[in-house]
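Structure assessment
These are the residues of each chain, in order.
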Amino acid sequence: MEDSFGREIEYMRVSVTDRCNLRCVYCMPKGVKTIPAREILTFEEIRDICSAAASLGIKYIRLTGGEPLVRLGVERLVEMIKAVDGIEGLTLTTNGVLLEEKLPGLVRAGLDGVNISLDTLDRELFRRITGFDRLDDVKKGIKAALYSGVKVKLNTVIMEENRNCLTRLAELAKDEPLDVRFIEMMPIGEGQRYGSISGEGVFSELEEKYGRLEPCFDRIGSGPARYYSIDGFEGRVGFINAVHGAFCGSCNRIRLTSAGFLKTCLCYEDGADLKAAVRRGDLDEVRCLMAEAVKNKPKAHHFALGPAEGEGGMNRIGG
């Protein structure tokens, strides 16, 4: 499925809930309102939209939230999507708190990989950022994921608060086959309150400590991260420089919110509301709405100039 700029759109991020069991300051701090449960798509509706998307050329699905593991029975959704013709990969992004408990069922259902959000290894700073003292649970989730054999990536948002912790996080890739990715803060929702620190500074700091970072030219996953190997490291480090190194020209993704709205760019409110059509069971209409939305996908975001349009936070859009 191509947009009007010739980009091949083959990757869809699907938010299964806007709820979360943490209260990260830049995403979903205390007091953020949630969507009424009746407005959230059912598993069958999500499956049907994924099926329509696959018929248009979507190959890769990532389940997100909020926190997807707080959605009861999410393992069943994994199994349902894995059964859709045309879907070649299904992964999940999580904060890791419930991962150790949920992982066996997810693996049995066919999950291919997991991305775990982790902004610091310092217990007190973790509590300040997330609102809860759950760092040990996240560490157990990482260990369980590595043991399970699924592909493991760690996502770290670069902030002033954790700026002096990043090399320690990178070292998690030294002895384990996982990738640590550093992500620039985007001015979306609560993220507007924080400045976006360039990933280039982190890159330079890592090179200063470990020597040259060698670029990896093979394709790793379906996302925009640029990966590098470090001599002596089993895993890799990656950078998602969404603000200071915009990769809009190669963007291959769309996003489905938990309430059924298809967003074609994080920066704009453009897209298509699929909920009414899927609840009528009209998958032809779902396909038409998706194709038209992708056709009108914006050329590029304007995060370097200002915040995203609208008031929706990443917990509603899908992180």
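This text gives an overview of the structure that appears in the document. (Residues numbered from 1 in each chain as written. Predicted model: local features only at pLDDT ≥ 70, side-chain atom pairs only at ≥ 80, totals over all residues. Heavy atoms only, no water.)

1. Details of the state of the cysteines
For the coordinates displayed, the defined rule picks out zero disulfides. Not engaged in a disulfide, the cysteine Cys165 finds its nearest cysteine sulfur in Cys24; these two sulfurs lie 14 Å apart. By relative accessible area, which is 14% here, Cys165 ends up buried. (Disulfide = S-S within 2.5 Å. Buried < 20%, exposed > 50% of the residue type's maximum accessible area, 1.4 Å probe, protein only.)

2. Brief notes about the pairing of strand E1 (residues 11–15)
Along any regular strand, the residues point their side chains to alternate faces of the sheet. The buried fraction of E1 is high, at five of five residues. By the alternation rule, side chains of E1 split into Tyr11, Arg13 and Ser15 and Met12 and Val14, which are all buried. As judged from the five bridges shared by E1 and strand E2 (residues 60–64), these two strands associate in the parallel manner. Bridge assignment links Ser15 to a residue of E2, and that residue is Thr64. With helix H1 (residues 43–56) bridging E1 and the parallel E2, this β-α-β connection has right-handed handedness. Pairing between E1 and strand E10 (residues 253–256): four bridges, direction parallel. If you follow Val14 over to E10, its bridge partner there is Leu256. (Helix = DSSP H or I, 4+ residues; strand = E, 2+ residues; numbered from the N terminus. Pairing = 2+ DSSP bridges. Right-handed = clockwise from strand over helix to strand, strands pointing away.)

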